[in-house]
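Structural description and commentary
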Amino acid sequence: MKLHIKKGDTVIVNAGESKGMEGKVLEILVDKQRAIVEGVNMISKHTKPNAENPQGGIVKKEAPIHISNLNVKDPSTGKAARIGRRMGDNNKLVRYSKTSGEEIK
């Protein structure tokens, strides 16, 4: 399945509790159509003491957010943009911003 976002993209949240926030995509969960975005949709997880965290306690971490609530940040304007695909050089599909027409790397 082709998704409009990829790992490493800078995205803007357009719905939900974290609306308006932006961050870098850390991981894509293709089968669940969700993404983990840096600093967005933070949850508190209670952990038992272990080797990494000998005290245990409460750890803040990112939770997955549905990809329909994310838009890629336009490289030229810095705003949320819809994504299209077109044939680029070497007959490969490239993603581009529908508002500015600029390719997204």
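All of these numbers come straight from a predicted model, not from anything done at the bench.

**Looking at the layout of surface pockets**
- A volume near 160 Å³ is recorded for the largest pocket.
- As for the largest pocket, its lining consists of Lys2, Leu3, Lys6, Arg85, Leu93, Val94, Arg95, Ile104 and Lys105.
- Looking at the lining of the largest pocket, its residues break down into 4 nonpolar, no polar and 5 charged.

**Thoughts on the UniProt feature "domain: KOW" (unreviewed entry) in the chain**
- The UniProt feature table records "domain: KOW" (unreviewed entry) at residues 4–31.
- When the span residues 4–31 is considered, its composition is 0% helix and 43% strand, and the gap between its end C-alpha atoms is 14 Å.

**A few points about the sheet that holds strand β3 (residues 34–37)**
- Spatial ordering of the open sheet is given by β6-β3-β2-β1-β7-β8, a layout of 6 strands whose pairing is antiparallel. Strand pairing shows two members of the sheet lacking a second neighbour, β6 (65–66) and β8 (80–81), which therefore form its edges.
- As judged from the 2 bridges shared by strand β7 (residues 70–73) and β8, these two strands associate in the antiparallel manner. Bridge pairing in β8 links Lys73 to Ala80.

**A short note on the nonpolar core**
- Formed by 14 residues in total, the largest nonpolar core has its most connected members in Ile5, Val11, Ala35, Val37, Ile65 and Leu70.
- Among the elements of the structure, β1 (10–13), β3 and β7 are those that each provide at least two residues to this core.
- Once residues lying within four places of it in the same chain are set aside, the contact partners of Val37 are Val11, Gly23, Lys24, Val25, Glu62, Ile65 and Leu70.

**Comments concerning the side chain of Asp74**
- You can see Asp74 is positioned in the loop between β7 and β8.
- At 9.4 Å, Lys79 is the nearest oppositely charged side chain to Asp74, a buried residue that forms no salt bridge.
- Within the structure, Asp74 has its side chain in polar contact with the side chain of Ser100 (distance 3.2 Å).
- For Asp74, the contacting residues outside a window of four places in its chain are Lys79, Ala81, Ser97, Thr99 and Ser100.

Analysis parameters
- Residues numbered from 1 in each chain as written.
- Predicted model: local features only at pLDDT ≥ 70, side-chain atom pairs only at ≥ 80, totals over all residues.
- Heavy atoms only, no water.
- 1 Å grid on protein atoms, 1.4 Å probe; cavity = no way out; pocket = protein on both sides within 12 Å on 5 of 7 lines; lining within 4 Å.
- Points joined across faces, edges and corners; volume = space filled by probe spheres on them.
- Nonpolar A, V, L, I, M, F, W, Y, C, P; charged D, E, K, R; others polar.
- UniProt positions renumbered as here; feature names shortened; annotations may be inferred.
- Helix = DSSP H or I, 4+ residues; strand = E, 2+ residues; numbered from the N terminus.
- Pairing = 2+ DSSP bridges.
- Core = buried A, V, L, I, M, F, W, Y, C linked by side-chain atoms within 4.5 Å.
- Buried < 20%, exposed > 50% of the residue type's maximum accessible area, 1.4 Å probe, protein only.
- Contact = heavy atoms within 4.5 Å.
- Lys, Arg positive; Asp, Glu negative; His and termini not counted.
- Salt bridge = Lys/Arg side-chain N within 4 Å of Asp/Glu carboxyl O.
- Polar contact = N/O pair within 3.5 Å; in protein donor to acceptor, adjacent residues only side chain to side chain.

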